[in-house]
Amino acid sequence: VTGVQTCALPISRSFVGLVAAFPNSGFMGVPLLVAWCGDSAAAPVIVALSLDMVVTSSLCIALSRIRAQGSADAGRAVRQALLAMTLNPLPWSIGLGSLISATQMTLPHPLQVGIDLLAQSASPMALFTLGCVLARTQQTMTKDTQTQFVEVCKMVGQKLLLHPLLVAVISGTLIALGLPLDPYSAMVLVLVAALPSASNVPMLAERFGADGGRLALSVMGSTVLSFLTFTAVVMMAVPPALLLKA
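Residues numbered from 1 in each chain as written. Predicted model: local features only at pLDDT ≥ 70, side-chain atom pairs only at ≥ 80, totals over all residues. Heavy atoms only, no water.

Thoughts on helix α3 (residues 25–37)
Applied cut-off: What counts as a helix is a DSSP run of H or I of at least four residues, what counts as a strand is a run of E of at least two, and both are numbered from the N terminus. What a helix is expected to span follows from its residue count: subtract one and scale by 1.5 Å.
Across its 13 residues, α3 extends only 15 Å between first and last C-alpha, which sits more than 12% below the 18 Å expected from 1.5 Å per residue. The first or second residue beyond α3 is glycine 38, which carries a positive phi of 100 degrees.

Quick notes on helix α12 (residues 213–237)
An α-helix turns once per 3.6 residues; consequently, residues spaced three or four apart project the same way. Using the following cut-off: The angle between axes fitted to the seven-residue stretch ending at a residue and the seven-residue stretch beginning at it gives the bend at that residue. Here the term buried applies to any residue with accessible area under 20% of the maximum for its type, exposed to any over 50%, and partly exposed to those in between, with areas from a 1.4 Å probe on protein chains only.
Along α12, the helix axis deviates most sharply at serine 226, where the bend reaches about 55 degrees. Taken together, the buried positions of α12 are Gly213, Leu215, Ala216, Ser218, Val219, Gly221, Ser222, Ser226, Phe230, Val233 and Val234.

With respect to the confidence of the model for the protein chain
Counted only if it meets this: Residue-level confidence of the predictor is what pLDDT reports, using numbers from 0 through 100. For this analysis, residues touch if any pair of their heavy atoms sits within 4.5 Å.
Residues at a pLDDT of 70 or more form 76% of the protein chain, whose mean pLDDT is 78. Across the protein chain, element-level confidence peaks in helix α10 (residues 183–193) with a mean pLDDT of 92 and bottoms out in helix α1 (residues 2–5) with 37. Between residues 1–11, whose pLDDT stays under 50, and residues either more than four places distant or in other chains, the model counts 19 contacts.

Some words on the packing of helix α11 (residues 200–207) against α12
Any two packed helices are characterised by the angle at which their axes cross and by the distance between the axes. Let me state the cut-off plainly: Axis angles are defined between N-to-C directions and span 0 to 180 degrees, where every axis is a line fitted to C-alpha atoms and, for a helix, only to the segment in contact. By the definition adopted for this analysis, an angle is roughly parallel if under 35 degrees, roughly antiparallel if over 145, roughly perpendicular if from 65 to 115, and oblique otherwise. Three classes are used: nonpolar for Ala, Val, Leu, Ile, Met, Phe, Trp, Tyr, Cys and Pro, charged for Asp, Glu, Lys and Arg, and polar for all others, with Gly counted as polar.
Taken N-terminus to C-terminus, the directions of α11 and α12 make an angle of 175 degrees; their axes are 8 Å apart at the nearest point. Considering the angle they form, α11 stands roughly antiparallel to α12. Residues Val201, Pro202 and Ala205 of α11 form the contact with α12, whose participating residues are Leu215, Ala216 and Val219. When grouped by side-chain class, the residues that make up the contact of α11 with α12 number six nonpolar, no polar and no charged.

A look at the environment of cysteine 132
Tracing the backbone shows cysteine 132 in helix α7 (residues 109–135). By relative accessible area, cysteine 132 is classed as partly exposed at 36%.

As for the environment of alanine 237
Position of alanine 237 among the secondary structure elements: in helix α12. Separated by 46 residues in the primary sequence, alanine 237 and leucine 191 place their C-alpha atoms 7.8 Å from one another. Setting aside residues up to four positions removed in sequence, alanine 237 forms contacts with Met187 and Leu191.

Here's the deal with the pattern of salt bridges
If the charged atoms of two oppositely charged side chains come close together, the side chains can form a pair. Rules: Within this document, salt bridges are pairs made up of a side-chain nitrogen of Lys or Arg and a carboxyl oxygen of Asp or Glu, the two lying within 4 Å of each other.
Throughout the structure, instances matching the rule amount to one salt bridge. Residue arginine 214 is joined to glutamate 151 by a salt bridge in which the shortest nitrogen-to-oxygen separation is 2.5 Å. Of this pair, arginine 214 sits in helix α12 while glutamate 151 is found in helix α9 (residues 145–176), placing the two residues 63 residues apart along the sequence. The exposure class of arginine 214 is partly exposed, given its relative accessible area of 22%. Judged by relative accessible area, glutamate 151 falls into the partly exposed class, the value being 23%.

Okay, here's the thing in structure tokens:
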């Protein structure tokens, strides 16, 4: 939503919208919510993650390309975004994993060991890459540190406060209208929205020539503050009986 509203601004505005709307569902959402809300929480988290990877990221890339190339090349920008979506390995891996789980297929032991090693190295590699982006922040940011601090605070506030609030309002409205959204899934989606920003957003921004420094700072800031805000949202949204059971 933020990206759509600010696409007329500099190219990094679309990524500002992405960092405020793309939660860290993969590395934090699945283990945390499954531990606190039960195994049933995995399905809504994976669905939200898949939509973010396919729809939200592609929309952000398209908006950034439209701004970079001009409105006359909007069709080309959309095609580039669709191509990037097709070549993104994460949605494909989620789909293959879901297929293997649904069919109860057993992988050969050497292949399974390799996949397990890659899974264990994913989080450390993401943190290492984010640290590299932060190390370059001084080179990409200007001298107006006060303005930059305000921008980072706005992004962190949008992610940790505005995003879960919007999801809660929309979910409640859908349930009130009688649409097929059960309260449990709505609760999980609110918790997903309350997660900090995903660490891949600054890397995606740098890939497409945007300023990843402030985005990396917002990811770090939202991750640190989410220890307080996410816990508060959990205490407000999750029934005590469910927490005690988990």
